[in-house]
Amino acid sequence: MKAPVSWIREYAGLPQDLSLDELTHRLTMLGLKLEAIETPGDAITGPLVLGRVLTIEKEPQKNGKVINWCTVDVGDANGTGEPQGIICGAHNFVEGDLVVVCLPGAVLPGNFEISARKTYGHISAGMICSARELGLGEDHDGIIVLPADAGDPGTDAFGVLSLDDPVIEFEINPDRAYALSLRGIAREAALGFDAPFTDPAQRELPAANDSGYPAVVEDPAGCPVFVARSVSGFDPAATTPEWMATRLEQCGMRPISLAVDITNYVMLELGQPIHGYDRSRLSGAIRVRRARQGEQLTTLDGQRRTLSPEDLLITDDSGPIGIAGTMGGATTELSASTTDIVVEAAHFDATSVFRTEKRHRLPSEASKRFERGVDPTIPEAAADRVVELLVSLGGAVADPGVTVVGSPPAARSITIPADLPARISGMDIPAETTVADLEAIGCQVSVSDGSLTAVVPPWRPDLTDPYDLVEEVVRIVGYDRVPSVLPPAPAGQGWTPTQRLRRRVGLTLAGAGFTETITYPFVGTSAWDRLGLPEGDPRRQALKIVNPLNSEEPLLATTLLPGILEALSRNVGRANPDVALFEHSLVFRPTGEEKAPIPGVEQRPDASEWAAIQKAVPAQPMHLAVAVTGQRDAAGWWGPGRQADWSDVIGAVREVAGALGVEVAVSQSSLEPWHPGRCAEFRVGDRVIGHGGELHPKVCKAFGVPPRSAAAEVDLDVLISHATSVVQAPRFSSFPVAKEDVALVVDAEVPAAAVEEALREGAGELLESVRLFDVYTGDQVGPGRKSLAFALRLRASDRTLKEGESAAARDAAVALAGERTGAVQR
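Here the structure is a predicted model, which is why all the values come from computation and not from measurement. (Residues numbered from 1 in each chain as written. Predicted model: local features only at pLDDT ≥ 70, side-chain atom pairs only at ≥ 80, totals over all residues. Heavy atoms only, no water.)

> How would you sum up the overall build of the chain? Please name residues and give values.
Each helix and strand in the chain was counted, giving 21 helices and 42 strands. Taking 826 residues into account, the globule formula puts the C-alpha radius of gyration at 28 Å, and the chain, at 43 Å, lies well above it. When the backbone C-alpha atoms are referred to their principal axes, the chain occupies close to 135 × 75 × 60 Å. Counting the 826 residues in the chain, one finds 47% classified as buried. (Helix = DSSP H or I, 4+ residues; strand = E, 2+ residues; numbered from the N terminus. Rg over C-alpha atoms; globule rule 2.2 N^0.38 Å. Buried < 20%, exposed > 50% of the residue type's maximum accessible area, 1.4 Å probe, protein only.)

> Help me get a handle on the packing of helix 6 (residues 258-270) against helix 9 (residues 379-394), residues and values and all.
Following both chains from N to C, one finds helix 6 and helix 9 inclined at 140°, their axes separated by 10 Å at the closest point. When the interaxial angle is binned, helix 6 and helix 9 end up oblique. You can see that helix 6 and helix 9 cross each other, and the crossing is right-handed. Contact residues: Leu 258, Ala 259, Ile 262, Thr 263, Tyr 265, Val 266, Glu 269 and Leu 270 in helix 6; Ala 381, Ala 382, Arg 385, Val 386, Leu 389, Leu 390, Leu 393 and Gly 394 in helix 9. Taken together, the residues that form the contact of helix 6 with helix 9 break down as twelve nonpolar, two polar and two charged. (Axes fitted to C-alpha atoms, helices over the stretch in contact; angles between N-to-C directions. Parallel < 35°, antiparallel > 145°, perpendicular 65-115°, else oblique. Left-handed = near helix turned anticlockwise from the far one by under 90°. Contact = heavy atoms within 4.5 Å. Nonpolar A, V, L, I, M, F, W, Y, C, P; charged D, E, K, R; others polar.)

> Describe in detail the packing of aromatic side chains, supporting the description with residues and values.
This model, assessed by the stated rule, comprises five aromatic pairs. Ring centres of Trp 243 and Tyr 265 lie 5.5 Å apart, and the angle between their planes is 85°; on these two criteria the pair is classed as edge-to-face. One end of the pair, Trp 243, is in helix 5 (residues 242-250); the other, Tyr 265, is in helix 6, with 22 residues separating them in the sequence. Put simply, the rings of Trp 7, Trp 243 and Tyr 265 touch in pairs and so form one group of aromatic residues. For the cation-ring pair, Arg 530 lies above Phe 703, with the distance from its terminal atom to the ring centre recorded as 4.3 Å. (Phe/Tyr/Trp six-rings, centres within 6.5 Å; stacked < 30°, edge-to-face > 60°. Lys NZ or Arg CZ within 6 Å of the ring centre and 35° of its normal.)

> Could you give me a rundown of the pairing of strand 41 (residues 785-794), with the residues and numbers involved?
Summarising burial for strand 41: eight of the ten residues are buried, a large majority. Bridging between strand 39 (residues 738-747) and strand 41 involves ten bridges; their strand directions are antiparallel. Within strand 41, the position partnered with Asp 747 by the bridge is Arg 785. Looking at chain direction, strand 40 (residues 767-776) and strand 41 are connected through eight bridges and run antiparallel. Across the sheet, Ser 769 pairs through a bridge with Arg 793, a residue of strand 41. (Pairing = 2+ DSSP bridges.)

> Which residues make up the packing of helix 5 against helix 6, and what values go with them?
Remark: helix 5 packs on helix 6, axes separated minimally by 10 Å, with the N-to-C direction vectors making an angle of 55°. Compared by their axis directions, helix 5 and helix 6 come out oblique. Crossing angle aside, the handedness with which helix 5 passes helix 6 is left-handed. Between helix 5 and helix 6, the residues in contact are Trp 243, Met 244, Arg 247 and Leu 248 and Asp 261, Ile 262, Asn 264, Tyr 265 and Leu 268, respectively. By residue class, the composition of the contact of helix 5 with helix 6 is six nonpolar, one polar and two charged.

> Give me the sheet that holds strand 25 (residues 413-417): which residues, what numbers.
Ordered by their spatial adjacency, three strands build an open sheet running 25-27-26, and the pairing between neighbours is antiparallel. Among the strands making up the open sheet, the edge pair consists of strand 25 and strand 26 (444-448). When the angles between neighbouring strand axes are averaged without regard to direction, this sheet yields 20°. Taken together, the five bridges between strand 26 and strand 27 (residues 451-455) define a ladder with antiparallel strand orientation. Bridge pairing in strand 27 places Ser 446 opposite Thr 453. Against the sheet, helix 12 (residues 466-477) contacts strand 25 and strand 27, and its axis sits at roughly 75° relative to strand 25.

> Can you lay out the sheet that holds strand 24 (residues 397-406) for me, pointing to particular residues and giving the numbers?
Remark on secondary structure: sheet strands pair via backbone hydrogen bonds, oriented parallel or antiparallel. Overall, antiparallel pairing links the four strands, which are arranged 16-23-15-24 in an open sheet. Looking at which strands have only one partner, the edges of the open sheet turn out to be strand 16 (275-278) and strand 24. Each strand axis lies, on average, 20° off the axis of its neighbour in the sheet, ignoring direction. Strand direction decides the pairing type here: strand 16 and strand 23 (residues 341-347), joined by four bridges, are antiparallel. Bridge pairing in strand 23 links His 275 to Glu 344. Packed onto the sheet, helix 9 meets strand 15 (225-232), strand 23 and strand 24 and runs at close to 10° relative to strand 15.

> So, the pairing of strand 5 (residues 84-88): which residues are in play, and what are the values?
Two faces belong to every sheet, and in a regular strand the side chains alternate between them. Among the five residues in strand 5, five count as buried, and that is most of the element. Burial along strand 5 is two-sided: Gln 84, Ile 86 and Cys 88 and Gly 85 and Ile 87, pointing in opposite directions, are all buried. Note that strand 4 (residues 66-73) and strand 5 share five bridges and pair antiparallel. Along strand 5, the bridge assignment pairs Asn 68 with Cys 88.

> Just give me the short version of the pattern of salt bridges, but keep the residues and values in it.
For the structure shown, the criterion picks out 49 salt bridges. Measuring nitrogen to oxygen at the nearest pair gives 2.6 Å for the salt bridge that ties Arg 530 to Glu 566. Of this pair, Arg 530 sits in helix 14 (residues 525-531) while Glu 566 is found in helix 15 (residues 561-573), placing the two residues 36 residues apart along the sequence. Judged by its relative accessible area of 25%, Arg 530 is partly exposed. Looking at Glu 566, the relative accessible area reads 28%, which means it is partly exposed. As a salt-bridge pair, Asp 633 and Arg 642 come within 3.2 Å of each other at their nearest N and O atoms. The exposure class assigned to Asp 633 is partly exposed, which follows from its relative accessible area of 38%. The network of salt bridges with common partners includes Arg 176, Glu 188, Arg 460, Asp 462, Glu 471, Glu 472 and Arg 475. (Salt bridge = Lys/Arg side-chain N within 4 Å of Asp/Glu carboxyl O.)

> Explain helix 2 (residues 20-29) to me, using residue names and the numbers behind them.
Within helix 2, burial applies to Leu 23, Thr 24, Arg 26 and Leu 27. For helix 2, the buried positions fall inside an angular range of 165° around the axis, keeping them on one side. Tucked inside the fold, the buried residues of helix 2 contact helix 1 (5-11), strand 2 (33-38), strand 13 (167-171), helix 4 (182-192) and helix 12. Gly 31 sits one or two residues past helix 2 and shows a positive phi near 115°. (Arc of directions from axis to C-beta.)

> Before we move on, can you summarise the environment of Gly 704 with the specific residues and values?
Among the secondary structure elements, Gly 704 is positioned in the loop between helix 18 (697-703) and strand 38 (710-715). Sequence separation of Gly 704 and Gly 573 is 131 residues, and the distance between their C-alpha atoms is 8.3 Å.

> Tell me about the state of the cysteines, and name the residues and values.
Summed over all chains, the structure comprises zero disulfides. Cys 88 provides the cysteine sulfur closest to Cys 70, a residue in no disulfide bond, and the two sulfurs are 5.6 Å apart. Distance from the sulfur of Cys 700, which forms no disulfide, to the nearest cysteine sulfur (Cys 679) is 13 Å. (Disulfide = S-S within 2.5 Å.)

> Explain the environment of Phe 112 to me, using residue names and the numbers behind them.
Its location among the elements puts Phe 112 in strand 8 (residues 112-113). Residues Phe 112 and Ile 44, spaced 68 residues apart in sequence, show a C-alpha to C-alpha distance of 9.3 Å. Ignoring anything within four residues of it in the chain, the contact list for Phe 112 reads Ala 106, Val 107 and Met 127.

> Can you tell me about unusual backbone geometry, naming the residues and giving the values?
Between Glu 672 and the following residue, Pro 673, the backbone shows a cis peptide bond with an omega angle of 15°. Within the fold, Pro 673 resides in the loop between strand 35 (665-669) and strand 36 (674-684). Look at Tyr 120: it is not a glycine, yet its phi comes out positive at around 50°. The topology assignment puts Tyr 120 in the loop between strand 9 (116-119) and strand 10 (122-125). In this structure, Asp 449 takes a positive phi of about 50° despite not being glycine. Position of Asp 449 among the secondary structure elements: in the loop between strand 26 and strand 27. Note on Asp 449: relative accessible area 83%, which makes it exposed.

Printed below as a string of structure tokens:
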């Protein structure tokens, strides 16, 4: 919304010494954010004065053009007092007219310098200016002709043309529709500086009677108030006065014709959209109703529109003549021959106008105001103001008839504790200040027993609850005075046990050389194909998002592997070949029964609805994924490096489990996307919690990661559920350790983990640790066989073991391994 400062001052008695910066700052603090400041005269330098045309000599040229050789009285502005000779190509002026003259030495917008030069056989010492040449509008068909009493020749033209009148452009929030008018902006300016305010809508109004133009409202919900006034004998040739045209252009509107310009001027002045009808083109009474199926209307923009039964229309006996609150129809528009005018000023339902405007993609200055909320009490005042201007500027005669149908809705009232603004803002705001500030914005306030009741002014439909009133008080007192106070942390609060355990997991992996990554939980079906998941795999059953960020990834991830492998590939592709990543995040595992009810918004869902909504939420377990590629140990003077492999991801899972105090069993398995025979299964008790190992070569190629990259994924929720909040530190014995090494020959298909588990169980309580330190295959063990060498460490906490005790523990361990896996000691 653009507002000239001079127009604001007409209604707000602001201090004369108030600077533009102070005005815009205060209005911004009140909620009318400054967007820009425009002063048309800033682009003009040098002498720009009024001149009176003394003579005009028309001189036809060989090219068919006729130029005017003029002498113009510019007073003493040219330093001589003699008339100025000027060539002008426009023809919309006569001798004796008062015009705007730019003298040599001036610079116009666009860095256009004016000088005395010879043209068409004369020395043209200056230029008679049009509106476009001065940056006042787009009109270039003729020069500016001023009223005869606008000033004497030689008078500076800046003040006459309002070139020195700053125009403030505000960013108006949708809930402050009242500020889409000079009435609203001036009210805010007066409020900000505690200045007197003159409401342009306050005027003596003629009483409604039965002699006005007939009108019928069939839909009072859509149109609570409809006002019609008429004038006769309007002069269609009357031109828009310069002061009105200037203000319209300052506000960003193009002058069209006097009658239309008056309706636009009053809309800017009061915020009430107005529409004028050519009375000679109306047939019968005006009716406000909903559209009928199949009805059509040609609007003022020339478009033929098919109407919806939800559209609110203005009609007469001929059919639709306008879309209520949006745009009028072409059949009854004001034209160059209109002499009798019917003025419509009505209040239309905001929701109805908004939906119609969106349905037809037909934004307009009227709909912009109606859809945000217009004061329903001012249609009579707005219509009367239009009639006043049509009479005074267009020579019309006001008809005595005044049609008023309906009445504005009753005002709302809101009751709040008197100290609520102080409690919410943290400022010391006395009850007296709250009452005064609410009255300043137009509320009628009554106080009783520590509470106050405010009757909301009709131009503020955005005030609907107690906290809206708090906001009004605080913005007037000053947002900049609201203290910045951090709320005290409640005692005894902190991380939950689960949060502490998750943090422990992250610290453990970070200490092991892994870097945390965070990926989007969105995937497409191509991710399942790249992982090589077979049809029917439960991980392919994913929830589809209605409005995904990426149409190619509309599914919620059921596994973390696609995201972490993409991160691995991105690192490798950017010259970071040695990568170890981890991520712990939610995955989404639907059951196929996720059909949530959609309750209404008018009330909170009841217990059964809430239970149904919760039942429709899919399972969202927390998973942990790790992935490695490249060198795990770098090469150097200390020796060769080591490539990362499946053992690193299995070791990472074991390390996490150890940090949580959970025993994890590892056994051989087979599952996509891992390489057959190089896949491990993790179990806690009898429950499988995940898998890990070397990725299948096809998967590595599909994701663009190096061959033999490895990854693992486990259910972190299960690990945490078995964890202890306090992990017991290991107990160390002061007695010496007994070392026993065993080499066992087993079939090549037997997993080393199975042999290790049997040894651990068979050795009993004396076993401190068991470690596989060698694997041998060759002629000495025969084809299809392998030798596994384990180091057993045995120790008692209360004594030194005797040779027989350690040997017995070793033999028991070997015996159980032979029984379970067929192992034979070498």
